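Remarks on the overall topology
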Amino acid sequence: MKIKNGVNLHIIKETKFKTVQFLVRFRAKMSRANVAKRVIISNLWETSNAVLTTNQQFQRKLSEMYGASFATGVSKKGDNHFLNIGMSVVNSRFVEGDTVTDAVELLHQALFMPLIDEIGFDEATFAREKKNLLHYLASTREDKSYVASMRLSELFFEDKNLSTPSISTVELMEHETRQSVFEYYKKMLLTDTIDIWILGDLSAAQEASVRTYFSDMPFTDREPLSTVFYEQETANIVREKTEKEAVNQSILQLAYSHPVKYGDSDYLTMQVLNGLLGGFSHSKLFTNVREKESLAYYANSRFDTFTGFLKISAGIDAGQRSKALTIIRAQVRALAQGDISDSELDQTKNMLRNAYFLSLDSPSNLIEQAYIKQLLPDRQLSQAEWLQRLDAVTKADVVRIAKILNLQALYFMEGESLGD
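Residues numbered from 1 in each chain as written. Predicted model: local features only at pLDDT ≥ 70, side-chain atom pairs only at ≥ 80, totals over all residues. Heavy atoms only, no water.

**Focus: the UniProt feature "domain: Peptidase M16 C-terminal" (unreviewed entry) in the protein chain**
If you check UniProt for "domain: Peptidase M16 C-terminal" (unreviewed entry), the listed places come out as residues 177–352 in our numbering. As a span, residues 177–352 carries 43% helix and 22% strand, and end to end its C-alpha atoms are 46 Å apart. (UniProt positions renumbered as here; feature names shortened; annotations may be inferred. Helix = DSSP H or I, 4+ residues; strand = E, 2+ residues; numbered from the N terminus.)

Encoded structure:
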């Protein structure tokens, strides 16, 4: 249902859950200039509003709604930045009171009734949340795997908006004021593409009430954001960086480019390739780099079909960098040369199939799948199509994609060598 141009309401009838799930998602281009503002807004949403002016009042309201959850967050997909509110309430048919309407009212308060004064967001509330976020962002520097991943992204992505973390940075956060964030918030309400999702066993009367309630909210028309994929040219040189850190476990990360987009004919081939390379405990990275050669504390891979990014990560001893790098690259080469047994291929497909069916038992995953379906309707696969394409992936398909993986960036966080 289109509430306004660029603002859509989606209701998914699902009878197997006793809860009703809500997701309100604001979507805009990933912007280094605005990401800190969006993160602060995320925190402010779940802290207070003009009706529930303190966090204590906010939590008391959730408790009165039979322990409803209200959580906000940010994330990236392709060159888009998502700002989300997620709610879960017990279905009204199991309790006294109208929990669904209460949830919609709370969302209305969060979106359109912020705690503000004539300058911007409430001074004390804003100062507290900004301080909390600065402490949190500073603490991420102690998470060395996170730091390594950020450094690798900086090497891989040519667009600095894409290499900026979805949660922002200390440097970006420090510059924001309650006035700058509120001015952006007013603009965001007018320009972001907004999708509202509700999943649960709603009655016809509840559905009608919800549609009316959201339609009456003061949303305005805006130009919907139509793109999500990010592409960049493959570089001819590998960008490398080594940094010394006071850590016992050194971190080696490699970034490859790949051409597969979500929903492409090779999408399931890419899933299988990653499972064979480093996605599961039977993968080549795990068995050869960690188990056989004892070169890594961990070794895995993951990929993104919205940015063409494939990452290999390994925790190693600093003195083993050269040997570990050689053997890691040999695993990619092995896939390109067809070193794949039938049992490896079958086990990988079984693991992917199991993960797919497990995802169907999660309300949030079901909403996410429905979101991608409406975002990219021409690229969506039905369950039957997904399973059929997975079964149809051959060793030759994996070899074909492995041959066009291109190493683009290498980051090494060098700690102290522990010796043999």
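More follows now that the structure is in view.
**A few points about the side chain of Arg25**
By the element assignment, Arg25 lies in strand 3 (residues 19–29). On the accessibility criterion, Arg25 (4% relative accessible area) is buried. For Arg25, the side chain forms a polar contact with the side chain of Asn84, separated by 2.8 Å. When near neighbours in sequence (up to four residues on either side) are disregarded, Arg25 contacts Phe82, Leu83, Asn84, Thr193, Ile194, Asp195, Glu368 and Tyr371. (Buried < 20%, exposed > 50% of the residue type's maximum accessible area, 1.4 Å probe, protein only. Polar contact = N/O pair within 3.5 Å; in protein donor to acceptor, adjacent residues only side chain to side chain. Contact = heavy atoms within 4.5 Å.)

**As for helix 13 (residues 342–359)**
Between the first and last C-alpha of helix 13 there are 26 Å, a value that for 18 residues agrees with the 26 Å anticipated at 1.5 Å per step. Taken residue by residue, helix 13 has Glu344, Leu345, Thr348, Lys349, Leu352, Arg353, Tyr356 and Ser359 as its buried positions. Down the axis, helix 13 shows its buried residues gathered within 165 degrees of arc, on one side only. Opposite the packed face of helix 13, turned more than 90 degrees from it, sit the exposed residues Ser343 and Leu358. Contacts made by the buried residues of helix 13 are with helix 10 (267–279), helix 11 (284–292), helix 14 (363–375), helix 15 (383–392) and helix 16 (395–402). (Expected span 1.5 Å × (residues − 1). Arc of directions from axis to C-beta.)

**Quick notes on helix 12 (residues 321–336)**
Over its 16 residues, helix 12 runs 23 Å from end to end, which matches the ideal 22 Å to within 8%, given 1.5 Å per residue. Among all positions of helix 12, only Ala324, Leu325, Ile327, Ile328, Gln331, Val332, Ala334, Leu335 and Ala336 are buried. Summarising the contacts, the buried residues of helix 12 are in contact with strand 8 (250–257), helix 10, helix 11, strand 10 (309–316), helix 16 and strand 11 (406–414). Two residues or fewer past helix 12, Gly338 is found with a positive phi of approximately 85 degrees.

**So, unusual backbone geometry**
A positive phi angle, close to 80 degrees, is found at Ser168, a residue other than glycine. Position of Ser168 relative to the elements: it lies in the loop between helix 6 (160–163) and helix 7 (170–174).

**Observations concerning the pattern of salt bridges**
The final tally for this structure, using the stated rule, is 26 salt bridges. We note a salt bridge from Arg321 to Glu240, for which the minimum N-O separation is 3.7 Å. Of the two residues, Arg321 sits in helix 12 while Glu240 sits in strand 7 (residues 239–244), which places them 81 residues apart along the sequence. With its nearest N and O atoms 3.2 Å apart, the salt bridge here joins Lys244 to Glu414. Taken as a pair, Lys244 in strand 7 and Glu414 in strand 11 lie far apart in primary sequence, 170 residues in all. Relative accessible area serves as the criterion here: at 65%, Lys244 is assigned to the exposed category. When salt bridges with common partners are traced through the structure, they connect Arg151, Glu154, Lys241 and Glu243 into a single cluster. (Salt bridge = Lys/Arg side-chain N within 4 Å of Asp/Glu carboxyl O.)

**Focus: the sheet that holds strand 4 (residues 69–77)**
Reading across the sheet, the 6 strands line up as 1-2-6-3-5-4 and stay open at both edges, with mixed pairing between neighbours. Looking at which strands have only one partner, the edges of the open sheet turn out to be strand 1 (2–4) and strand 4. Pairwise comparison of adjacent strand axes, ignoring direction, gives a mean angle of 20 degrees for this sheet. Note: strand 3 against strand 5 (residues 80–90), 11 bridges, orientation antiparallel. Residue pairing for strand 5: Val24 is matched across the bridge by Ile85. Against the sheet, helix 1 (residues 35–45) touches strand 3, strand 4 and strand 5, its axis set at about 10 degrees to strand 5. (Pairing = 2+ DSSP bridges. Axes fitted to C-alpha atoms, helices over the stretch in contact; angles between N-to-C directions.)

**Brief notes about the domain arrangement of the protein chain**
Looking at the assigned domains, one finds that the protein chain contains domain 1 (2–216) and domain 2 (239–415). Using C-alpha coordinates to define each centre, domain 1 is positioned 30 Å away from domain 2. Taken together, the contact between domain 1 and domain 2 spans 26 residues of the former and 35 residues of the latter. Three residues, Leu152, Leu155 and Phe156, lead the burial of domain 1 against domain 2; their summed loss comes to 26% of the area buried on that side. Taken together, the connections running from domain 1 to domain 2 amount to 4 salt bridges. Among the ionic pairs, Asp361 bridges to Lys16, the shortest N-O distance being 3.8 Å. The interface formed by domain 1 and domain 2 includes 9 residue pairs in polar contact (both at pLDDT 80 or more). Residue assignment for the side of domain 1 that touches domain 2 shows that the elements contributing at least two residues are strand 2 (7–13), strand 3, helix 5 (144–156) and strand 6 (193–200). (Domains from an automatic or database assignment. Buried area = accessible area lost by both parts, 1.4 Å probe.)

**Quick word on the environment of Trp45**
Mapped onto the secondary structure, Trp45 falls in helix 1. Of the residues examined, Trp45 reaches a relative accessible area of 4% and is grouped as buried. Between the C-alpha atoms of Trp45 and Gln374, which are 329 residues apart in sequence, the distance is 26 Å. In contact with Trp45, other than residues within four places in its own chain, are Phe26, Phe58, Phe70, Thr72, Leu83, Asn84, Ile85, Ala110, Leu111, Tyr185 and Met188.

**Regarding the pairing of strand 8**
With 8 of 8 residues buried, strand 8 lies mostly within the body of the structure. Neither face of strand 8 is open: one carries Ser250, Leu252, Leu254 and Tyr256, the other Ile251, Gln253, Ala255 and Ser257, and all of them are buried. Relative to strand 10, strand 8 is paired through 8 bridges, and the arrangement is antiparallel. The residue bridging Ser257 from the neighbouring strand is Phe309, located in strand 10. Bridge analysis of strand 8 against strand 11 gives 7 bridges, and the strand direction is antiparallel. Among the inter-strand pairings, Leu252 is bridged to a residue of strand 11, identified as Phe412.

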